[in-house]
2 protein chains.
Amino acid sequence: MIIPVRLPAGSYDITLSRGALSRAGEIINLDRKVLVVTDSGVPKEYAEAVAKQCKNAVIITVPEGEGSKSLETFGELCRALLENGFTRSDCVVAVGGGVVGDLAGFAAASYMRGIDFYNIPTTVLSQVDSSVGGKTAVNFGGIKNIIGAFYQPKAVVIDPDVLKTLTPRHFSNGLAEAVKMSLTFDKELFELFEHEDAAENIETIIERSVRSKAAVVEKDEHEAGLRRVLNFGHTVGHAVESVEGLGGLYHGECVAIGMLPMCGEGLRPRVEAVLKKLNLPTKWRGDPKELLFAAAHDKKFSGEFVTVVTLPEIENYRFEKWTGEELLARMEAFFK
Amino acid sequence: MIIPVRLPAGSYDITLSRGALSRAGEIINLDRKVLVVTDSGVPKEYAEAVAKQCKNAVIITVPEGEGSKSLETFGELCRALLENGFTRSDCVVAVGGGVVGDLAGFAAASYMRGIDFYNIPTTVLSQVDSSVGGKTAVNFGGIKNIIGAFYQPKAVVIDPDVLKTLTPRHFSNGLAEAVKMSLTFDKELFELFEHEDAAENIETIIERSVRSKAAVVEKDEHEAGLRRVLNFGHTVGHAVESVEGLGGLYHGECVAIGMLPMCGEGLRPRVEAVLKKLNLPTKWRGDPKELLFAAAHDKKFSGEFVTVVTLPEIENYRFEKWTGEELLARMEAFFK
């Protein structure tokens, strides 16, 4: 199945197909020098399956985890591109989760001011969310995604077969972003989460999430307007993630926690029930004041205000401008 | 005088006006947090003149020279933005030459995936050339401009009055890029260089160079086609610059040297006469083989070939695909 993404700066296709990993060379142009970027948590067979389809592959394996989303590791990828003589007609392929995609994407965006980038996401989280949208970044000074670029891939290849090697916790973690997408744009998908088994319906979940996200990104590539709806659950979620630090909760788990304070009273019990069914957390026991401090560096802050997304009902989101104090008050009311 | 630059991703104005520095706040929006980036070679009064027109200014002064175009200094600018709580609605202003513009522009392009960037070039070189076009970059691994972004400024403010503090060598250095522009696009401007005094006509030289460059960039923002004509003199020029290293010849001087081997036999004496009149070098005594090694990392190499711009006659440029061997042969014939 092909899901097109049409953008002013150039369009690309998302291919969603079981077994696509071993046919990647038929879908994307690997007949050149290819830097295959993966991490130590990804089965190495995946990167190797891609590499053996390339004319000339260099595999770089970075350590698993957010720690690799650093300016230093970014420099290492650029050095590998330089030392292997990559030119503007060569390319970078990410084989892994969001960390690998964000890092490799930023290297591809910046090397020679931009060479071709392909994303082959291997986690639920990256398949349903971060593979679409062109956001690339590294962390810096303790703040997530503070240095990066909007840079669209030339193509995205999603192979649901690779998900079978994920731990149950990673599988659930990714579903949090799909639940977010369903709440803001796709009531039917939310009802699927309520009534059906997620693992059995994973292709449908990926497809519907990707279609929703692609539609949003097509309307607002650079997050000037509508796209901010994708931040539903993320203002609080990113703050929780910052405070938790490395080794704490996963991104999707933080988003699960972050969505609940933004849901209307009537909707909240349904969301809570779905999150529990998916083994996602619904509570956080830390100090809301620490969250506010972390949130103050959020890119969603503009001057003194932060734009949050609230959700009185499914598919009925609102943008609200809150001060830091208002955000703190909501968090204190919820995380008590 | 306003010179508009119209691009698909957004348009901006170049304001060319004597005394513009002290009126910058009327031309660009400084009513917010502003990171003013300058270097130790720029009279500090210039950055201060801009800072005092800002609502909230932070001045960063990096050391003069190419050494500041590094990933480390880029990180320092990002850290300053972060530590001073810059949000997406704040901005970066470059006050200096090409080094400052390239570095500050890349920081603005990357911080939070892009905040507003203004360029106030203070050298002839940056006024006639690097302030227009949206190329930002740092050097890495000994290679110039290898990490960067295409990122357009929100506006460019050119004040020819600031040029009076330049040394004669820096003044001449900048004129090399204007000569290049005249050779490829503007015969009348080349004749001005032949028959008139450059210093007395500096406003005309800036205006005509900027108009030519803006027209090229409008047609080809990302250097996919026509824009490569701006690389006239730069394949050899960049290689000379690489081999010379820090403390050697200036960029414009290298471009002067790099243009001559690419000119037709009939044209070359005229170009040589103009370069001499402007106190620019016309010869280089190093080893062409070293040049080839440096050129091999040039972004203009695509696979095995490099696209060079040759100029049989004024305004009559050609793109030619050369192998490394062909490039070496031309350099050996010329630098003998």
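Position numbers for residues count from 1 along each chain, tracking the sequence in the order it is written. Lettering for chains starts from A, numbering for ligands starts from 1, and both go in the order in which the items are written. pLDDT decides what is reported in this predicted model: residues at 70 or higher carry local features, side-chain atom pairs at 80 or more are listed and counted, and totals for whole chains, interfaces and linings draw on all residues regardless. Hydrogens and water molecules were not included; the side-chain quantities draw on all heavy atoms of the structure.

(A) Layout of the overall build of chain A. Strands are runs of DSSP state E lasting at least 2 residues, helices are runs of H or I lasting at least 4, and numbering of each runs from the N terminus. Check the secondary structure of chain A and you find 13 helices and 12 strands. Values of the radius of gyration come from C-alpha atoms, whereas the globule rule sets the reference at 2.2 Å times the count of residues to the power 0.38. For chain A, the C-alpha radius of gyration of 19 Å lies close to 20 Å, the compact-globule estimate for 336 residues. With the C-alpha coordinates of chain A rotated into their principal frame, the extents come out at 55 × 40 × 35 Å. What makes two residues a contact is simply this: any of their non-hydrogen atoms within 4.5 Å. Relative to all contacts within chain A whose residues are 6 or more apart in sequence, the contacts with residues 24 or more apart total 71%. As presented, chain A carries roughly 12,700 Å² of accessible surface, and 50% of it is formed by carbon and sulfur atoms. For the charge count, each Lys or Arg is scored as positive and each Asp or Glu as negative, with His and the chain ends excluded. For this purpose, a charge sits on NZ of Lys, CZ of Arg, CG of Asp or CD of Glu. A distance of 2 Å separates the average location of the 38 positive side-chain charges in chain A from that of its 46 negative side-chain charges. All accessible-area figures derive from a Shrake-Rupley calculation using a 1.4 Å probe, and residue coverage is judged against the displayed protein chains alone.

(B) Layout of the relation of the copies chain B and chain A. A residue counts toward the fit only if its pLDDT is at least 70 in both copies, and the copies are then superposed by least squares on the C-alpha atoms of those residues. Placing chain B over chain A gives an RMSD of 0.0 Å and needs a rotation angle of 180 degrees, together with 0.0 Å of translation along the axis. A rotation of that kind, with that shift, is consistent with a two-fold axis. Both copies contact each other with a shared surface, as 100% of the interface residues of chain B are interface residues in chain A too.

(C) Representation of the interface of chain B and chain A within the structure. Contact with chain B, which involves 34 residues of that partner, is made by 34 residues of chain A. Defined in terms of a 1.4 Å probe, buried area is the accessible area two parts forfeit on being brought together, summed over both. Counting the surface lost from both chain B and chain A, the interface buries some 3,000 Å², and carbon and sulfur atoms represent 63% of this. Each polar contact in these results corresponds to two N or O atoms within 3.5 Å; when the atoms are within protein, one needs to be able to donate a hydrogen and the other to accept it, and residues that are neighboring in sequence are counted only if both atoms are side-chain atoms. The interface formed by chain B and chain A contains 6 residue pairs in polar contact (both at pLDDT 80 or more). Counting residues per element, the ones that place at least two in the side of chain B that touches chain A are α3 (71–83), α4 (98–110), β7 (135–140), β8 (143–150) and β10 (301–302) of chain B.

(D) Here's a closer look at the sheet that holds strand β2 (residues 12–16) of chain B. All names here are of chain B. At least two bridges found by DSSP between two strands is the condition for calling them paired. If you trace the 7 strands from one edge of the open sheet to the other, you get β1-β2-β9-β6-β5-β3-β4, paired in mixed fashion. At either margin of the open sheet sits one strand with a lone partner, and together these are β1 (2–5) and β4 (56–62). Mean inter-strand twist for the sheet, computed between neighbouring axes without regard to direction, equals 15 degrees. Examined bridge by bridge, β2 and strand β9 (residues 155–158) share 4 bridges and lie parallel to one another. When the bridges of β9 are listed, Thr15 appears paired with Val157. What counts as an axis is a line fitted to C-alpha atoms, over the stretch in contact for a helix, and the angles between N-to-C directions run from 0 to 180 degrees. Most of the contacts of α4 go to strand β5 (residues 91–96), to which it runs at about 175 degrees, and overall it touches β3 (33–39), β4, β5 and β6 (116–121).

(E) The arrangement of unusual backbone geometry in detail. With a phi close to 60 degrees, Arg113(A) is a non-glycine residue in the positive phi region. Along the chain, the position of Arg113(A) falls in the loop between α4 (98–110) and β6 (116–121). Classification of Arg113(A) by relative accessible area gives buried; the value is 7%. Unlike most non-glycine residues, Asn279(B) shows phi in positive territory, near 60 degrees. Among the structural elements, Asn279(B) can be located in the loop between α11 (268–277) and α12 (288–295). Any residue under 20% of the maximum accessible area for its type is buried, any over 50% is exposed, and the rest in between are partly exposed; the area is computed with a 1.4 Å probe on protein chains only. Classification of Asn279(B) as exposed rests on a relative accessible area of 63%.

(F) Expanded view of the pattern of salt bridges. By definition, a salt bridge exists where a carboxyl oxygen of Asp or Glu is found within 4 Å of a side-chain nitrogen of Lys or Arg. Following the criterion strictly, the structure yields 36 salt bridges over all chains and no others. With a shortest N-O distance of 2.9 Å, Arg208(A) and Asp186(A) are connected by a salt bridge. Of this pair, Arg208(A) sits in helix α8 (residues 202–219) while Asp186(A) sits in the loop between α6 (168–185) and α7 (187–195), placing them 22 residues apart in sequence. Exposure remark for Arg208(A): the relative accessible area of 27% places this residue in the partly exposed category. For the salt bridge of Lys144(B) with Glu66(B), the shortest nitrogen-to-oxygen distance reads 3.1 Å. With Lys144(B) in strand β8 and Glu66(B) in the loop between β4 and α3, this residue pair connects regions lying 78 residues apart in the sequence.

(G) View of the packing of aromatic side chains. Stacked, tilted and edge-to-face pairs are distinguished by plane angle, under 30 degrees for stacked and over 60 for edge-to-face with tilted covering the rest, among Phe, Tyr and Trp rings (Trp via its six-membered ring) whose centres lie within 6.5 Å. A complete count under the given rule lists 10 aromatic pairs over all chains for this structure. With 4.5 Å between their ring centres and 25 degrees between their planes, Phe74(A) and Phe106(A) make a pair best called stacked. Note that Phe74(A) is positioned in helix α3 (residues 71–83) and Phe106(A) in helix α4, a separation of 32 residues in sequence. No difference in accessibility class separates Phe74(A) from Phe106(A), as the two residues are buried. Seen from their ring centres, Trp284(A) and Phe335(A) are 5.8 Å apart, and the 80 degrees between their planes marks the pair as edge-to-face. With Trp284(A) in the loop between α11 (268–277) and α12 (288–295) and Phe335(A) in the segment after α13 (324–334), the pair connects residues that are 51 residues apart, well separated along the chain. Across this residue pair, the class does not change: Trp284(A) and Phe335(A) are buried. An aromatic cluster is built from Phe185(A), Tyr317(A) and Phe319(A), whose rings are joined through pairwise contacts. Note that Arg113(A) overlies the ring of Phe150(B), its terminal NZ or CZ placed 5.9 Å from the centroid. As a reminder, the over-ring test applies to NZ of lysine and CZ of arginine, requiring each to be within 6 Å of the ring centre and within 35 degrees of the ring normal.

(H) Molecular detail of the environment of Leu249(A). Residue and element names in this part refer to chain A. In this structure, Leu249 sits in the loop between α9 (234–244) and α10 (251–259). With relative accessibility at 23%, the residue Leu249 sits in the partly exposed group. For the pair Leu249 and Ile14, spaced 235 residues apart in sequence, the C-alpha to C-alpha distance is 29 Å.

(I) Quick look at a negative patch on the surface. Residues form patches when they are more than 30% accessible in relative terms and have no salt bridge. Like charges link within 9 Å. Nonpolar side chains (Val, Leu, Ile, Met, Phe, Trp, Tyr) link within 5 Å. A surface patch of like charges, here negative, comprises Glu72(A), Glu76(A), Glu72(B) and Glu76(B). Mapping Glu76(B) onto the fold places it in helix α3. Looking at Glu76(B), the relative accessible area reads 51%, which means it is exposed.

(J) A look at the sheet that holds strand β11 (residues 305–313) of chain B. All names here are of chain B. Reading across the sheet, the 3 strands line up as β10-β11-β12 and stay open at both edges, with antiparallel pairing between neighbours. Either end of the sheet is taken by a strand with one partner, and the two such strands are β10 and β12 (316–323). Here β10 runs beside β11; their pairing, made up of 2 bridges, is antiparallel. Its bridge partner being in β11, Phe301 is matched across the sheet by Val306. Relative to β12, helix α13 (residues 324–334) is tilted by about 120 degrees, and along the sheet it contacts β10, β11 and β12.

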